[in-house]
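What follows is each chain in one-letter form.
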Amino acid sequence: MGAVDLATHPGHLARRLQQAHHLLWATMVSEEITSPQYAVLNALVAEPGLDQRTVGERVGLDRSTIADVVARLVRRGLLGKDRDPSDGRRFLLRPTGDGERVHRRLTVRTARMNHVFLAPLDAAEQTLFLDLLRRVADAAESLRHPDGHHGTDGDAGGAGGG
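A short tour of the structure in this document, coming up. Within every chain, residues take consecutive numbers counted from 1 along the sequence as written. Two thresholds apply to this predicted model, a pLDDT of at least 70 for residue-level local features and 80 or more for giving and counting side-chain atom pairs, whereas whole-chain, interface and lining totals are computed over all residues. Computation of side-chain values covers all heavy atoms of the structure but excludes hydrogens and water.

1. Observations concerning the overall build of the chain
Secondary structure elements follow DSSP: runs of H or I of four or more residues count as helices, runs of E of two or more count as strands, with numbering from the N terminus. Within the chain, the regular secondary structure consists of 6 helices and 3 strands. Sequence-ordered secondary structure for the chain, helices as α and strands as β, is α-α-β-α-α-β-β-α-α. Relative accessibility under 20% of the residue-type maximum defines a buried residue, over 50% an exposed one, and the middle range a partly exposed one, all with a 1.4 Å probe and only protein chains included. Each of the 162 residues in the chain was classed as buried or not, and the buried ones make up 31%. Here, residues are in contact when the closest pair of their heavy atoms is within 4.5 Å. Sequence-distant contacts in the chain: of pairs separated by 6 or more residues, those separated by 24 or more amount to 60%. Note on areas: Shrake-Rupley with a 1.4 Å probe; residue coverage comes only from the protein chains shown. On the chain, roughly 10100 Å² of surface is accessible, and the fraction owed to carbon and sulfur atoms is 56%.

2. Things to note about the pairing of strand E3 (residues 87–95)
At least two DSSP bridges between two strands are required for those strands to pair. Of the pairings in the sheet, the one linking strand E1 (residues 50–51) to E3 comprises 2 bridges and is antiparallel in character. Of the residues in E3, the one forming a bridge with Leu-50 is Leu-93. Taking the residues that link successive antiparallel strands as the turn, the strand E2 (residues 79–84)-E3 hairpin has 2 residues.

3. So, the sheet that holds E1
Taken in spatial order, the 3 strands make up an open sheet running E1-E3-E2, and their pairing is antiparallel. Pairing within the sheet leaves two strands with one partner each, and these edge strands are E1 and E2. Pairing of E2 with E3 involves 6 bridges; the strand directions are antiparallel. Within E3, the residue paired with Lys-81 across the bridge is Leu-93.

4. Points about the packing of helix H3 (residues 52–59) against helix H4 (residues 63–75)
Between H3 and H4, whose axes approach to 9 Å, the crossing angle comes to 110°. Viewed along their axes, H3 and H4 adopt a mutual orientation that is roughly perpendicular. Facing H3, whose interface residues are Gln-52, Val-55 and Gly-56, H4 presents Ile-66, Ala-67 and Val-70. Classifying every residue of the contact of H3 with H4 by side-chain character gives 4 nonpolar, 2 polar and no charged. Note on geometry: axes are C-alpha line fits, over the in-contact stretch for helices, and angles between N-to-C directions span 0 to 180 degrees. Each angle is binned into one of four classes, with values under 35 degrees roughly parallel, values over 145 roughly antiparallel, values of 65 to 115 roughly perpendicular, and all other values oblique. Following the grouping adopted for this structure description, the nonpolar residues are Ala, Val, Leu, Ile, Met, Phe, Trp, Tyr, Cys and Pro, the charged ones are Asp, Glu, Lys and Arg, and the polar ones are all others, Gly among them.

5. Regarding the side chain of Ser-30
Within the secondary structure, Ser-30 sits in the loop between helix H1 (10–29) and helix H2 (35–46). For Ser-30, a relative accessible area of 8% gives the class buried. What qualifies as a polar contact is a pair of N or O atoms within 3.5 Å, subject to a donor-acceptor requirement within protein and to the restriction that residues adjacent in sequence count only when both atoms come from side chains. Of note is the side chain of Ser-30, whose polar atom sits 2.8 Å from the backbone nitrogen of Ile-33. Those residues in contact with Ser-30 that sit more than four places away from it in its chain are Trp-25 and Leu-106.

6. Points about the pattern of salt bridges
Here the idea is simple: oppositely charged side chains can pair when their charged atoms come close. By salt bridge we mean one thing: a side-chain nitrogen of Lys or Arg within 4 Å of a carboxyl oxygen of Asp or Glu. For the structure on display, the rule yields 9 salt bridges. Across the pair Arg-58 and Glu-47 runs a salt bridge whose closest N-O atoms are separated by 2.9 Å. Separated by 11 residues along the polypeptide, Arg-58 in helix H3 and Glu-47 in the loop between H2 and E1 bring together distant segments of the chain. The class of Arg-58 is partly exposed, set by a relative accessible area of 45%. Using a relative accessible area of 34% as the deciding quantity, one classes Glu-47 as partly exposed. Its salt-bridge partner being Asp-131, residue Arg-135 comes within 3.8 Å of it at the nearest N-O pair. Here Asp-131 and Arg-135 lie together in helix H6 (residues 123–144), a separation of 4 residues that amounts to about one turn. By relative accessible area, Arg-135 is classed as exposed at 54%.

Limitation: the analysis is restricted to geometry and does not speak to function.
Have a look at this one:
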């Protein structure tokens, strides 16, 4: 059997897309805050007081990855942790003042980056492209969790923040 055309393989194209996203993120958004870190910060700006497991579910990060991301954001002073008054084993997360400022700054930059990233497509194509990506990502998520539970046992593929 001869070589296959990798341009017809979604995984190959997804990897290339991720490489382009990583390059744009590093040059246009931040070299210090990663896309998954931004996704966690964004989730907590939207909904402060979530526990780590729930944040991981919201942004598509597995247990070990969300633990690492949260630890890094706490060390940087961008997230605070408070013991859950109803369950002393749990911590509730919230952005600090610095975290909110970083989030605002990066949100403007991610909007610019997304504009550049999607520039090859017209407005209708951009809408369709994002819809198709969401559908494929949602279907992949259901394969990881066939029982309908979207826990944090899968890989960290869904955390792209912009």
